[in-house]
Amino acid sequence: MLKGTKLYSILFNKCPRCHGGDFFVTKTAYDFKSFDKMHKRCSHCDEDFEREPGFYFGAMYTSYGLYVATIVTSFVGFVVLLGGDELRLLAFLIPALILLMPLYFRIGRRIWINIFVKYKSTKVKESIN
Ligand SMILES: [Zn+2]
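Everything numeric in this text was worked out from a predicted model, so none of it was measured.

Colleague: Describe the overall build of the chain, listing the residues and the values that go with them.
Modeller: Along the backbone of the chain there are four helices and zero strands. Each helix and strand of the chain, placed in order from N terminus to C terminus, yields the pattern α-α-α-α. Across its three principal axes, the chain shows a C-alpha extent of roughly 60 × 30 × 25 Å. Looking at the 129 residues of the chain, the share that counts as buried comes to 19%. Long-range contacts, defined as pairs at least 24 residues apart, comprise 58% of the intrachain contacts of the chain with a sequence gap of at least 6.

Written as structure tokens, this is what we have:
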């Protein structure tokens, strides 16, 4: 259903160009030895995932945005809507953000590369030729 959208590539660890090959080597973000290991190129369409040195520095901004969105949503939900205590929120939020680090690292990188790479269906390419 989502195939062909950037959300598909971001959520399901797929190549932003073809949505066929995997972006990160491991399927899960919680394999702490290799959660950050990426394929150098797409196994399906040969898209270069290491576009230039320092390309993924920009991914810090996207993962920072995810942290800010999580903190603001938690604050509004817990403190403003439910009338909860800020210290209880912090006691929950700090460990939660630490646990979310590998997940947000990977999602941040996939969002970043999806800003620069457009999806190109390989089926359309075959029908033209
Ligand atoms: Zn690909």
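That was the structure; now back to the text.
Colleague: Any chance you could break down helix α2 (residues 59-81) for me, citing the residues and the numbers?
Modeller: Each turn of an α-helix holds 3.6 residues, which means side chains three or four residues apart point in the same direction. Over its 23 residues, α2 runs 32 Å from end to end, which matches the ideal 33 Å to within 8%, given 1.5 Å per residue. When α2 is considered as a whole, its buried residues turn out to be A59, T62 and S63. Structurally, α2 contributes buried residues whose contacts are with α3 (86-116). Within two residues after α2, G83 carries a phi angle of roughly 70°, on the positive side.

Colleague: Describe the nonpolar core, with residues and values.
Modeller: Soluble globular proteins tend to pack their nonpolar side chains together in the buried interior. Judged by nonpolar contacts, I10, C15, C18, F23, F24, C42, F49, A59, I111, W112 and I113 together constitute the single largest core of eleven residues. Broken down by element, the residue count for this core peaks at three residues, all from α3. Once residues lying within four places of it in the same chain are set aside, the contact partners of F24 are N13, K37, M38 and R106.

Colleague: So what's going on with the environment of K27? Residues and values would help.
Modeller: Within the element layout of this structure, K27 appears in the loop between α1 (6-11) and α2. Spatially, the C-alpha atom of K27 lies 7.4 Å from that of N13, the residues being 14 residues apart in sequence.

Colleague: Quick rundown of unusual backbone geometry? Include the residues and the values.
Modeller: At N13, a residue that is not glycine, the phi angle is positive and equals roughly 60°. Position of N13 relative to the elements: it lies in the loop between α1 and α2. Phi is positive for D46, close to 65°, though the residue is something other than glycine. Judged by local crowding, D46 falls into the exposed class, with 11 C-beta atoms found within 10 Å.

Rules of the game
Residues numbered from 1 in each chain as written. Predicted model: local features only at pLDDT ≥ 70, side-chain atom pairs only at ≥ 80, totals over all residues. Helix = DSSP H or I, 4+ residues; strand = E, 2+ residues; numbered from the N terminus. Buried ≥ 20, exposed ≤ 12 C-beta atoms within 10 Å, placed from the backbone. Contact = placed C-beta atoms within 7 Å. Expected span 1.5 Å × (residues − 1). Core = buried A, V, L, I, M, F, W, Y, C linked by C-beta atoms within 7 Å.

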